[in-house]
Amino acid sequence: MNATLSRAEYRSRRTVVTARPFGLILDPCNGCTLACPGCVHSVETRRNGLFDWPRGLLSRQRFDNYIERFGPFAAMVKFWNYGEPVLNPHTPEYIRTAKRSLAQTVISSSLSVRHFDADAYVASGLDYFLVSIDGATQSVYERFRRNGDIELVFQNVRKLVEARSRAGSKFPVIAWQYLAFEHNRHEISQAVEKAASLGCNEIRIARPFDVGREDPSIQPATGVEARIVALDMLDVEDYAVNWNRFAGEIDGAAVQRAFEYAWPAAGPDEFPPASDNFTCSWLYTSTVMDSGGRVLPCCCAPAPGQDLVFAHIESDRDLFNSPKHIAAREFFRSGATGPGTPHCAKCTWIPNTPDIDPVHLRHYLAAAGEPEAGEWLGHW
Ligand code: SF4
Ligand code: SF4
């Protein structure tokens, strides 16, 4: 119901919305021990103060505040944006809490960390664990994953696979993510073999952002197709089991409050289709919070002169209808700008499909036993 309303409000370009974001992104930890080029943690970006990204760990209080407001409406919660989530020892507890709202949960990590409690991640009910490994040997891997230790990563992947077997669970799905650069393209087949031998479910060959401005020797591979190599894929029945993994712990009061939410009793007339002015889908579907409680509209990082902090979690106001959300939606609807118009008016990266896109929604609703709703929502 929430995703349907979201789509209607997106299509009619409403500036004040009733739907709640169904894609949540949060950083359990803003910091990272690696320093990949182009990232907010790279030596170059930190030296030049290119981003406004203070380090810190997400507190239980801030997490609860966020998940209480948005969790029951969410289809997916991603536990990373610009930080290493595994560095926060409370991350597995946060994942379990999100599962109590029936959201699918995903984490992405370098896993180049000394302390990794694999059993806690398996017990959390986590759906997907993406591990970023862009190479099959240390010398190739560390060209992008600066300070990373590939043997430590492999050891942690093994720990996760073993913990999963000990628990008799198929979750989390372990996906090796391989950003394809010119310098590592020759190791892709070796990486596929290694992923299979470690017990990963899949390996995702992905196209990276261009970081050549910071290091011209690091270039995206040309002619390498982005693809998923299936190694040990699960089927929809498996996902159905994990969708409601902790049936006895469902936060019934929160779900009930969500059903009692003031849904508009309106017909389609209340949502006239907008002119075809382009707009950013994130402003209607997602919200992002960093470990300091800053609420951002999307995965872009705030920077000097780049106004992207739309609200703060400690505010009592509606975090999805902040004055900056409204001003940004108004900018796309009518072109109007004013002193409160945020960075969106200057944004050069404007996605026209939601971050949690129709494919994710279909997958989520199929796991929830509602495949027809998923098909219907498949056209954003
Ligand atoms: S591992 Fe991720 S968060 Fe850490 S420096 Fe690299 S890109 Fe940034
Ligand atoms: S317009 Fe750009 S800055 Fe604004 S929410 Fe969309 S992607 Fe983010």
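Refer to the structure presented above.
So, here's what we can say about the structure. (Residues numbered from 1 in each chain as written. Chains lettered and ligands numbered in written order. Predicted model: local features only at pLDDT ≥ 70, side-chain atom pairs only at ≥ 80, totals over all residues. Heavy atoms only, no water.)

Here the focus is the site of ligand 1. C32, L34, A35, C36, C39, H41 and R145 make up every residue found near ligand 1. Partitioning the shell around ligand 1 into residue classes produces five nonpolar, one polar and one charged. (Near = heavy atom within 4 Å. Nonpolar A, V, L, I, M, F, W, Y, C, P; charged D, E, K, R; others polar.)

Neighbouring ligand 2 are the residues C280, L283, P297, C298, L308, F332, H343, C344, C347, W349 and P351. In the shell around ligand 2, the residues fall into 10 nonpolar, one polar and no charged.

Turning next to the pairing of strand 3 (residues 104–109). Here strand 3 lies mainly inside the structure; six of its six residues are buried. A two-sided burial pattern is seen for strand 3, the buried positions comprising Q104, V106 and S108 on one face and T105, I107 and S109 on the other. Bridge count for strand 2 (residues 76–78) against strand 3 is three bridges, and the pairing is parallel. The partner of K78 across the bridge, within strand 3, is V106. Pairing of strand 3 with strand 4 (residues 128–132) involves four bridges; the strand directions are parallel. Across the sheet, S108 pairs through a bridge with L130, a residue of strand 4. (Buried < 20%, exposed > 50% of the residue type's maximum accessible area, 1.4 Å probe, protein only. Helix = DSSP H or I, 4+ residues; strand = E, 2+ residues; numbered from the N terminus. Pairing = 2+ DSSP bridges.)

With respect to the helices, strands and loops of the structure, P358 is situated in helix 13 (residues 358–367). Remark: the alpha-carbon pair of P358 and E375, spanning 17 residues in sequence, is separated by 8.6 Å.

On to helix 13. Inspection of helix 13 places P358, L361, Y364, L365 and A367 among the buried residues, and these make up the whole buried set. Contacts from the buried residues of helix 13 go to helix 1 (2–11), strand 3, helix 9 (236–243) and helix 14 (371–376). N-cap assignment for helix 13: the residue whose side-chain oxygen lies 3.0 Å from the backbone N of V359 is D357. Once helix 13 ends, the next one or two residues include G369, with phi positive near 85°. (Contact = heavy atoms within 4.5 Å. Polar contact = N/O pair within 3.5 Å; in protein donor to acceptor, adjacent residues only side chain to side chain.)

Moving on, we get to the pairing of strand 6 (residues 202–206). Counting buried residues along strand 6, four of its five residues qualify, which places the element largely inside the surrounding structure. Judged from the five bridges that link them, strand 5 (residues 173–179) and strand 6 form a sheet pairing that is parallel. Bridge pairing links A175 to E202 in strand 6. Viewed along the sheet, the connection from strand 5 through helix 8 (residues 188–198) into strand 6 turns out right-handed. Of the strand pairs in this sheet, strand 6 and strand 7 (residues 227–230) are connected by four bridges, and their pairing is antiparallel. Note that in strand 7 the partner of I205 across the bridge is R227. (Right-handed = clockwise from strand over helix to strand, strands pointing away.)

Viewed as axis vectors pointing N to C, helix 9 and helix 13 meet at an angle of 75°, and their least axial separation amounts to 8 Å. When the interaxial angle is binned, helix 9 and helix 13 end up roughly perpendicular. Every residue of helix 13 that contacts helix 9 at V236, Y239, A240 and W243 is listed here: H363, Y364, A366 and A367. (Axes fitted to C-alpha atoms, helices over the stretch in contact; angles between N-to-C directions. Parallel < 35°, antiparallel > 145°, perpendicular 65-115°, else oblique.)

Strand order in this open sheet of 10 strands is 7-6-5-4-3-2-1-8-9-10, and the pairing throughout is mixed. At either end of the open sheet lies a strand with only one pairing partner, and these are strand 7 and strand 10 (311–312). One ladder, built from five bridges, connects strand 4 with strand 5; its direction is parallel. Bridge pairing in strand 5 links Y128 to V173.

Along the chain, the position of D149 falls in the loop between helix 6 (138–144) and helix 7 (150–167). With 16 residues separating them along the chain, D149 and I133 place their C-alpha atoms 10.0 Å apart. Ignoring sequence-local partners within four residues, the contact set of D149 consists of S112, R114, Q138 and Y141.

Time to look at the pattern of salt bridges. All told, the structure shown has 20 salt bridges when counted by the stated rule. Between D52 and R294 there is a salt bridge whose closest N-O contact spans 3.2 Å. On the criterion of sequence distance, the pair formed by D52 in the loop between helix 2 (43–47) and helix 3 (60–70) and R294 in strand 9 (residues 294–296) is long-range, its members being 242 residues apart. The exposure class of D52 is partly exposed, given its relative accessible area of 37%. Among the ionic pairs, E93 bridges to R60, the shortest N-O distance being 3.7 Å. Within this pair, whereas E93 is found in helix 4 (residues 91–99), its partner R60 is found in helix 3, the two being separated by 33 residues in sequence. For E93, a relative accessible area of 38% corresponds to the partly exposed category. One salt-bridge network, held together by shared partners, links D52, D290 and R294. (Salt bridge = Lys/Arg side-chain N within 4 Å of Asp/Glu carboxyl O.)

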